[in-house]
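# Topology and contacts: notes
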Amino acid sequence: MNTAGKPGRPRAGAERLSRDAILTAALRIVDDEGVEAMTMRRLAGTLGVNPMSIYHHLPNKAAVFAGLAELVFAGLDAVQPRPGVSWQEELRDAARAYRAALQAHPNLALQVLSDPSAVSDVVVVTVEPFYRALDRGGLAPRAIFETVNTLIDFVHGFLLGELTVRAATFDLAPDLVDRVEKLPEDKAPTLSRVVLALGRDGLHYDFDSGFESALTVWVSGVESTLR
């Protein structure tokens, strides 16, 4: 029988292709192998479709990464404050949630931190809880804008430290103690006093504890501007 001119049966992957399916597959590639591995050809191969099929849903690689930002962070925008929680704690919750989202997808986080367009994609779907908390606190619009930008920059920088260490704690001893013990008496006396007072057992840096300490400083600083 002559079948010329009749469309062929769609491939199984094309039948179930959707924007959500594409983004889920792309996130899996990024999580498992890194940002560099996420090419449109590789994504199509993972989905079992022709690359052109993907372009009907997402026109280019930049659109894929914008979609990943939405997929990973959009839930933060929908989070409502816990009943009776203060604006200070709401701000802490927002920072904790943002850090947790980045920690869950460290390879994507590195893409976000290095790509200005990706930063914009993330900001749109993450800042509402930050803005809402500070607005409740009584900050002026300009102060809200600057405070949130700086706080998010802090979270990014903190995360880079975590990703570099790849562990929950960072042990400064014994190297730091050895160096301090060899310093001349008039060189960095305050540093020497603090380090030697803490000792080798006291120089373990816990990232979770450090993050909470930083949030306390941040919130106290915002409160001081209001006073």
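Description of the structure in this document. The structure displayed is predicted, hence computed values, not measured ones.

So, about the overall build of the protein chain. A count of helical and extended segments in the protein chain gives 13 helices and two strands. Across the 227 residues of the protein chain, 37% fall into the buried class. Counting only carbon and sulfur atoms, one obtains 55% of the accessible surface of the protein chain, whose full area is about 13100 Å².

A surface patch of nonpolar side chains, about 250 Å² in accessible area, is lined by Phe170, Leu172 and Tyr205. Here Tyr205 is to be found in strand β2 (residues 204-206). On the accessibility criterion, Tyr205 (33% relative accessible area) is partly exposed.

Below, the discussion takes up the nonpolar core. Membership of the largest hydrophobic core comes to 56 residues, with the highest contact counts inside it found for Leu43, Val64, Leu68, Phe73, Tyr98 and Phe130. Not counting residues up to four positions away in its chain, the partners in contact with Val64 are Leu23, Ala26, Met38, Met40, Leu43 and Leu58.

Under the criterion given, the structure shown has 16 salt bridges. The residue Glu70 makes a salt bridge to Arg19 at a minimum N-O spacing of 3.4 Å. Within this pair, whereas Glu70 is found in helix α5 (residues 61-78), its partner Arg19 is found in helix α2 (residues 19-33), the two being separated by 51 residues in sequence. The shortest N-O distance in the salt bridge between Asp93 and Arg96 comes to 3.0 Å. Of this pair, Asp93 and Arg96 both sit in helix α6 (residues 87-104), three residues apart, which is roughly one turn of the helix. Of the residues examined, Asp93 reaches a relative accessible area of 23% and is grouped as partly exposed. Connected through salt bridges with shared partners, the residues Arg82, Glu89, Arg92, Asp93, Arg96 and Glu212 form a single ionic network.

A word on the environment of Leu23. If you trace the backbone, Leu23 turns up in helix α2. Along the primary structure Leu23 and Phe65 are separated by 42 residues, whereas in three dimensions their C-alpha atoms are 8.5 Å apart. Discounting chain neighbours no more than four positions away, the residues touching Leu23 are Leu58, Val64, Gly67, Leu68 and Leu71.

Time to look at α6. Since the α-helix turns once every 3.6 residues, residues separated by three or four places project in the same direction. Its 18 residues give α6 an end-to-end C-alpha distance of 26 Å, which sits within 8% of 26 Å, the value for a rise of 1.5 Å per residue. Taken together, the buried positions of α6 are occupied by Trp87, Gln88, Glu90, Leu91, Arg92, Ala94, Ala95, Tyr98, Arg99, Ala101 and Leu102.

Another aspect to go through is α2. Compared with the 21 Å implied by 1.5 Å per residue over 15 residues, the 21 Å span of α2 between its first and last C-alpha is a close match. All of the buried residues along α2 are Ile22, Leu23, Ala25, Ala26, Leu27, Ile29 and Val30. Once α2 finishes, Gly34 follows within two positions and takes phi at roughly 105°, a positive value.

Moving on, we get to the packing of α6 against helix α10 (residues 141-165). At a minimum axis distance of 10 Å, the contact between α6 and α10 shows a crossing angle of 40°. By the criterion of interaxial angle, the relationship of α6 to α10 is oblique. Seen from above, α6 lies across α10 with right-handed handedness. Note on element contacts: α10 touches α6 through Leu151, Ile152, Val155, His156, Phe158, Leu159 and Glu162, opposite Leu91, Tyr98, Arg99, Leu102 and Gln103. A class-by-class count of the residues in the contact of α6 with α10 yields eight nonpolar, two polar and two charged.

A separate point is the packing of α6 against helix α13 (residues 207-226). At a minimum axis distance of 10 Å, the contact between α6 and α13 shows a crossing angle of 140°. It follows from the interaxial angle that α6 and α13 lie oblique. The element α6 and its partner α13 pack so that their crossing is right-handed. Where α6 approaches α13, its residues Trp87, Gln88, Leu91, Arg92, Ala95, Arg96 and Arg99 are matched on the opposing element by Phe207, Asp208, Phe211, Glu212, Leu215, Val219, Val222, Glu223 and Leu226. Residues of the contact of α6 with α13, tallied by class, amount to nine nonpolar, one polar and six charged.

Definitions and limits used
Residues numbered from 1 in each chain as written. Predicted model: local features only at pLDDT ≥ 70, side-chain atom pairs only at ≥ 80, totals over all residues. Heavy atoms only, no water. Helix = DSSP H or I, 4+ residues; strand = E, 2+ residues; numbered from the N terminus. Buried < 20%, exposed > 50% of the residue type's maximum accessible area, 1.4 Å probe, protein only. Areas by Shrake-Rupley, 256 points an atom, 1.4 Å probe, with all protein chains shown as cover. Patch = residues over 30% accessible without salt bridge, like charges linked within 9 Å, V, L, I, M, F, W, Y side chains within 5 Å. Salt bridge = Lys/Arg side-chain N within 4 Å of Asp/Glu carboxyl O. Core = buried A, V, L, I, M, F, W, Y, C linked by side-chain atoms within 4.5 Å. Contact = heavy atoms within 4.5 Å. Expected span 1.5 Å × (residues − 1). Axes fitted to C-alpha atoms, helices over the stretch in contact; angles between N-to-C directions. Parallel < 35°, antiparallel > 145°, perpendicular 65-115°, else oblique. Left-handed = near helix turned anticlockwise from the far one by under 90°. Nonpolar A, V, L, I, M, F, W, Y, C, P; charged D, E, K, R; others polar.

The values reported here are purely geometric and, on their own, carry no functional implication.
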